[in-house]
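# Structural features, examined
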Amino acid sequence: MKTIIQTIIFLVLMLVISSCTKNEEKSNEKRIVYEATGAITGQDSSLCACCGGWKLIIDNAVLPPDFPPDSYRFQALPANSNINLSTAVFPLAIKFNWSVDTNICGGQRCNVIIDDIVLN
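Residues of the protein chain with pLDDT of at least 70 account for 79%, and the chain-wide mean is 82. Here helix H1 (residues 2-19) is the element of the protein chain with the lowest mean pLDDT, 70, and strand S1 (residues 36-43) is the one with the highest, 95.

Listed below in structure tokens is the structure:
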């Protein structure tokens, strides 16, 4: 009888141990690879039809020679960014993914959408 109980306890322990796994990442988080670095330099207060939003420097981006480095603009951050632009101290160093915003001024290349972002 003692041997049967020991065998059952051993099997239960083996079952519990074998069902344990190491969770490398939290299940609700995805690993994001950021394609660009740069800085948010502040709010765009220019008075033109295609202006407004926030000014952005994209490192290694090619702009026409007469454009200042922070000629890129975006209107909003992704909802899950945890960055509060109204209380931020600029410039903010960032890593991010972006795409051209085709909905503003016919898709001028200086208007972008920030797809993913994190402070650098």
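Right, let's get into the pattern of salt bridges. Taken as a whole and assessed by the stated rule, the structure comprises 2 salt bridges. Salt-bridge contacts for Arg-73 lead to Asp-44; the nearest nitrogen and oxygen are separated by 2.3 Å. Of this pair, Arg-73 sits in strand S3 (residues 72-74) while Asp-44 sits in the loop between S1 and strand S2 (54-58); the two residues are 29 residues apart in sequence, bridging distant segments of the chain. Of the residues examined, Arg-73 reaches a relative accessible area of 18% and is grouped as buried. Asp-44 gets classed as buried once you look at its relative accessible area, which sits at 7%. Between Asp-70 and Lys-55 there is a salt bridge, and its shortest N-O distance comes to 3.6 Å. In this pair, Asp-70 sits in the loop between S2 and S3 while Lys-55 sits in strand S2, placing the two residues 15 residues apart along the sequence.

Bridge count for S1 against strand S4 (residues 92-100) is 5 bridges, and the pairing is antiparallel. Note that in S4 the partner of Gly-38 across the bridge is Ile-94. Across 7 bridges, the pairing between S4 and strand S5 (residues 111-119) is antiparallel. Note that in S5 the partner of Phe-96 across the bridge is Ile-117.

Scanning all chains against the criterion turns up 2 aromatic pairs. Centre to centre, the rings of Trp-54 and Phe-90 are 5.8 Å apart; their planes meet at 35°, and the pair counts as tilted. Of this pair, Trp-54 sits in strand S2 while Phe-90 sits in the loop between S3 and S4; the two residues are 36 residues apart in sequence, bridging distant segments of the chain. For Phe-90, a relative accessible area of 27% gives the class partly exposed.

Cut-off values and rules
Residues numbered from 1 in each chain as written. Predicted model: local features only at pLDDT ≥ 70, side-chain atom pairs only at ≥ 80, totals over all residues. Heavy atoms only, no water. pLDDT = per-residue confidence, 0-100. Helix = DSSP H or I, 4+ residues; strand = E, 2+ residues; numbered from the N terminus. Salt bridge = Lys/Arg side-chain N within 4 Å of Asp/Glu carboxyl O. Buried < 20%, exposed > 50% of the residue type's maximum accessible area, 1.4 Å probe, protein only. Pairing = 2+ DSSP bridges. Phe/Tyr/Trp six-rings, centres within 6.5 Å; stacked < 30°, edge-to-face > 60°.

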